[in-house]
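# Descriptive structure summary
Chain by chain, the residues:
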Amino acid sequence: MVGILGVFQFTPILLLTLIAGTIIDRFSKRNILLITQSGFLCLGAIMTALVFFKIVQYWEILLIALGYGILQSFDNPTRQSFVFDLVGPKNLLNGISLNSSVFNLAKIIGPSIAGVLMAKFSIAWCFFIDACSYLAVLVGLFFVKDVPAIKTNQHQKLLPEIMEGLRYVMQAPEVRFSAELMLIICTLNFNMNVIIPVYAKTVLHAGAQVFANLLSAVGVGSLIAAFFMSYISKNGANRRLYLLISLSVVLSQTLMLLVQTYWLAIAIMVIIGFSNMIFLNQSNAAFQFSVPNELRGRVMSVYVLLNQGSTPLGSLYAGGIMDLTSGLLGFPACGGLALLLLIPVFWEHQSLIRIWFKKH
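Just so we're clear, the structure is a prediction, and the values are computed from it rather than from any experiment.

### Brief notes about the overall build of the protein
- Helix and strand counts for the protein come out as 15 helices and zero strands.
- Here the C-alpha atoms of the protein give a radius of gyration of 20 Å, agreeing with the 21 Å that 2.2 N^0.38 yields for 360 residues.
- Expressed along its principal axes, the backbone C-alpha trace of the protein runs to roughly 50 × 45 × 35 Å.
- The burial tally for the protein puts 52% of its 360 residues in the buried class.
- The contacts in the protein between residues at least 6 apart in sequence include a share of 85% that link residues at least 24 apart.
- Carbon and sulfur atoms make up 73% of the accessible area of the protein, which totals about 16,800 Å².

Dropping the structure here:
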């Protein structure tokens, strides 16, 4: 059921993100974010009411997840490309890292608070605080200076514009390599929301607080990585680190086969969070550097599509494996398959890999 929930949330990203990229290049990113964040606020308020009055049903959760996914299809690529408008090309890598730092600080604080609220009060309070948080985002956006869209022709057909962004990704060697890495790793190795609750319940035999602690540990690792990337950002993108961290992502999850104790699981979650965040940070940099600004929304929509759009496949795979076997095999089944799929990708791009290692 958790896997199916992931499918409902992330399938709209698979279907709509490329279309969203063309819209982002045509209109004000700030105004798009005002609309999407208002939508998140409304969905959060509905979920709060359903849970508070104890009338929530599984199908209602699926519909809310579907609405959330539709909004995410537009919100995520807009936010990713908005970083460039805010900081400019000189501070882009640092801006990406700072954005990651704030995001992952929330990933630590949020689950920690949620665990306490679920244990001491009720889940309804979690949804209520989540809904209220969007008010702060909306207020913040009103104080951000609006940057007009570069592309002024709003009547051009969508399909040629989508293809223009895809051609750029396929024809730029570094971006194409990064896209292939993301397709494998983001599909198989970014399913924590599906795997961790099952792992916590069936392997660690624990409840909501341990689930929240494991998520917080992932957030701690991600936050450390974000600060680390901010520190080294002055040296530009580190391609050797990118390759090594790609292997770290899949190997750390494969090793979860041997982990059945709480503190060791916490330690590995920190490593997984650290590896995942550096991987996404470097992938983001590979997509954003040197891309023409009039293509930025479309190119970053491909990034978001690869980052989250393929998640339904990974969610179903991870959920199916754990249903057929056990919660212990969720992480290693994903990590092991990703490791096998990376072999032909590394082989195909071996000349580029040699260039990257010579540069560093």
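### Notes on a nonpolar patch on the surface
- A contiguous nonpolar surface patch, about 690 Å² in accessible area, is contributed by Leu-105, Ile-109, Ile-113, Phe-121, Trp-125, Phe-128 and Ile-129.
- When contributions to the nonpolar patch are tallied by element, the ones reaching two or more residues are helix 4 (92-120) and helix 5 (123-142).
- Of note, Leu-105 is situated in helix 4.

### Some details on the side chain of Gln-253
- Tracing the backbone through its elements, the reader meets Gln-253 in helix 10 (residues 239-254).
- If we ignore the near neighbours within four places in the chain, the residues touching Gln-253 are Leu-188, Asn-189, Met-192, Ile-272, Asn-276, Phe-331, Pro-332, Cys-334 and Gly-335.

### Details of the nonpolar core
- Grouped together as the largest cluster of nonpolar side chains are 69 residues, with contacts concentrated most on Tyr-199, Leu-214, Met-269, Phe-279 and Phe-287.
- At 10 residues, helix 11 (residues 262-288) tops the list of elements feeding residues into this core.
- Among residues more than four places away in sequence, those in contact with Leu-214 are Ile-196, Tyr-199, Ala-200, Leu-204, Ala-265, Ile-266 and Met-269.
- Of all hydrophobic cores here, the second largest spans nine residues; its members include Phe-40, Met-47, Leu-50 and Ala-124.

### Some points on helix 6 (residues 158-171)
- Taking 1.5 Å of rise per residue, 14 residues should cover 20 Å, and helix 6 covers 20 Å from first to last C-alpha, within 8% of that figure.
- For helix 6, the set of buried residues is Glu-161, Ile-162, Gly-165, Tyr-168 and Val-169. All buried residues of helix 6 project into a common sector of 120° when viewed along the axis, lining one side. Of the exposed residues in helix 6, the ones pointing more than 90 degrees away from its buried face are Leu-159, Met-170 and Gln-171.

### Focus: the environment of Asn-284
- Mapped onto the elements, Asn-284 comes out in helix 11.
- C-alpha of Asn-284 to C-alpha of Ile-46: the two residues are 238 residues apart in sequence and 33 Å apart in space.
- Apart from residues no more than four positions distant in its own chain, Asn-284 is found in contact with Gln-80, Ile-96, Met-300 and Tyr-303.

### Considerations on the pattern of salt bridges
- For the coordinates displayed, the defined rule picks out six salt bridges.
- Linking Arg-298 and Glu-164 is a salt bridge whose minimum nitrogen-to-oxygen distance equals 3.0 Å. Here Arg-298 is found in helix 12 (residues 296-309), whereas its partner Glu-164 is found in helix 6, with 134 residues between them in sequence.
- When its relative accessible area of 33% is taken as the criterion, Glu-164 is described as partly exposed.
- Between Glu-180 and Arg-176 there is a salt bridge, and its shortest N-O distance comes to 3.2 Å. In this pair, Glu-180 and Arg-176 are both assigned in helix 7 (residues 173-188), four residues apart and thus about one turn of the helix distant.
- Residues participating in the shared-partner salt-bridge network are Asp-25, Glu-164 and Arg-298.

### Describing the confidence of the model for the protein
- For the protein, the mean per-residue pLDDT works out to 84, and 94% of the residues sit at or above 70.
- Helix 4 is the least confidently modelled element of the protein, averaging 75 in pLDDT, while helix 2 (residues 29-52) averages 94, the highest of any element.

### Some remarks on helix 11
- If you check helix 11, its first and last C-alpha atoms are 39 Å apart, about what 27 residues at 1.5 Å a residue would give, namely 39 Å.
- The element helix 11 is largely enclosed, with a buried count of 20 among its 27 residues.

### Some points on the packing of aromatic side chains
- Enumeration over the complete set of coordinates arrives at 10 aromatic pairs.
- Measuring from centroid to centroid gives 5.6 Å for Tyr-242 and Phe-279, while their planes differ by 35°, and the two rings are tilted. Linking Tyr-242 in helix 10 with Phe-279 in helix 11, this pair joins segments that are 37 residues apart in sequence. We note that Tyr-242, like Phe-279, is buried.
- Taken together through their ring pairs, the aromatic side chains of Phe-40, Tyr-68 and Tyr-134 make up a single cluster.

### Some points on the packing of helix 2 against helix 3 (residues 58-87)
- As a packed pair, helix 2 and helix 3 sit with axes 9 Å apart at the nearest point and diverge in direction by 155°. Taken together, helix 2 and helix 3 sit at an angle that is classed as roughly antiparallel. Here the hand of the crossing between helix 2 and helix 3 comes out left-handed.

### Structural notes on unusual backbone geometry
- Look at Lys-54: it is not a glycine, yet its phi comes out positive at around 60°.
- Examined against the element boundaries, Lys-54 turns out to sit in the loop between helix 2 and helix 3.
- With relative accessibility at 76%, the residue Lys-54 sits in the exposed group.
- One non-glycine residue, His-205, lies in positive phi territory at about 55°.
- Counting through the fold element by element, His-205 comes out in the loop between helix 8 (192-202) and helix 9 (208-232).

Parameters at a glance
Residues numbered from 1 in each chain as written. Predicted model: local features only at pLDDT ≥ 70, side-chain atom pairs only at ≥ 80, totals over all residues. Heavy atoms only, no water. Helix = DSSP H or I, 4+ residues; strand = E, 2+ residues; numbered from the N terminus. Rg over C-alpha atoms; globule rule 2.2 N^0.38 Å. Buried < 20%, exposed > 50% of the residue type's maximum accessible area, 1.4 Å probe, protein only. Contact = heavy atoms within 4.5 Å. Areas by Shrake-Rupley, 256 points an atom, 1.4 Å probe, with all protein chains shown as cover. Patch = residues over 30% accessible without salt bridge, like charges linked within 9 Å, V, L, I, M, F, W, Y side chains within 5 Å. Salt bridge = Lys/Arg side-chain N within 4 Å of Asp/Glu carboxyl O. Core = buried A, V, L, I, M, F, W, Y, C linked by side-chain atoms within 4.5 Å. Expected span 1.5 Å × (residues − 1). Arc of directions from axis to C-beta. pLDDT = per-residue confidence, 0-100. Phe/Tyr/Trp six-rings, centres within 6.5 Å; stacked < 30°, edge-to-face > 60°. Axes fitted to C-alpha atoms, helices over the stretch in contact; angles between N-to-C directions. Parallel < 35°, antiparallel > 145°, perpendicular 65-115°, else oblique. Left-handed = near helix turned anticlockwise from the far one by under 90°.

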